[in-house]
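# Results of the structural survey
Take a look at the letters that make up each chain.
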Amino acid sequence: MLEATDALLVGGGDCQYLCYWMQQSGLTDQLPSLLKKMVYVGLSAGSMILTRYGTTYNNHTLPAESPKSLGLLDFALHPHLDHEWFPENSLANIEKLAATLPMRSYAIDDQTAIKVSDDVIEVISEGHWKSLGPAENSL
């Protein structure tokens, strides 16, 4: 069924939880080849898990070695920039976090998307975003 799909929508939540169940389902193994022919649309944690940086928000009982991200894209993504529901996602807090990461970071609000196609990163926005950290990475 996935082979015939044009787009895959992956919702948010907890990065570690999403990664764990993507691995358990076998989707993680298929993703690299699927991404060559389908559009991946990630929302919140669903977008973060494709990058090199993910977070854990819930107290779950997953194995400690479960990854928080799949590392398919060589940057970090910090969604919900300055959103009233997520006061910890202020630009000041994200700038501090990004300074500790070895890869480029993108802080984006809910009116911003990151498009990656043919190893080119494009920010599409009608809102607020900021690129942080080391110089642009190639994918």
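Residue numbering note: each chain is counted from 1, following its sequence as written. In view of the model being predicted, local features appear only for residues whose pLDDT reaches at least 70, and side-chain atom pairs are presented and counted only at 80 or more, with totals across whole chains, interfaces and linings using the full set of residues. To obtain the side-chain values, all non-hydrogen atoms of the structure were included, while hydrogens and water were left out.

What follows concerns the packing of aromatic side chains. Note on ring pairs: Phe, Tyr and Trp rings are taken, using the six-membered ring of Trp, and paired if centres are within 6.5 Å. Classes follow the plane angle, with under 30 degrees stacked, over 60 edge-to-face and the rest tilted. Summed over the entire model, instances satisfying the criterion amount to three aromatic pairs. Ring centres of Tyr20 and Trp21 lie 5.0 Å apart, and the angle between their planes is 90°; this geometry places the pair in the edge-to-face category. Think of it in three bands: with a 1.4 Å probe and only protein chains considered, a residue is buried below 20% of the maximum accessible area for its type, exposed above 50%, and partly exposed in between. Relative accessible area serves as the criterion here: at 44%, Trp21 is assigned to the partly exposed category. Both rings, one in Phe75 and one in Tyr106, keep their centres 5.3 Å apart while their planes meet at 85°; by these two values the pair is edge-to-face. Of this pair, Phe75 sits in the loop between helix H3 (45–48) and strand E3 (76–78) while Tyr106 sits in strand E4 (residues 105–108), and the two are 31 residues apart along the sequence. Note on Tyr106: relative accessible area 3%, which makes it buried. Counting from the N terminus, the helices are the DSSP runs of H or I reaching at least four residues and the strands are the DSSP runs of E reaching at least two.

Let's shift gears to the confidence of the model for the protein. For the protein, the average pLDDT comes to 91, and 95% of its residues sit at 70 or higher. Scored from 0 to 100, pLDDT reflects the predictor's confidence in each residue. Per-residue pLDDT, averaged within each element of the protein, yields its smallest value for helix H2 (residues 27–34) (93) and its largest for strand E7 (residues 129–132) (97).

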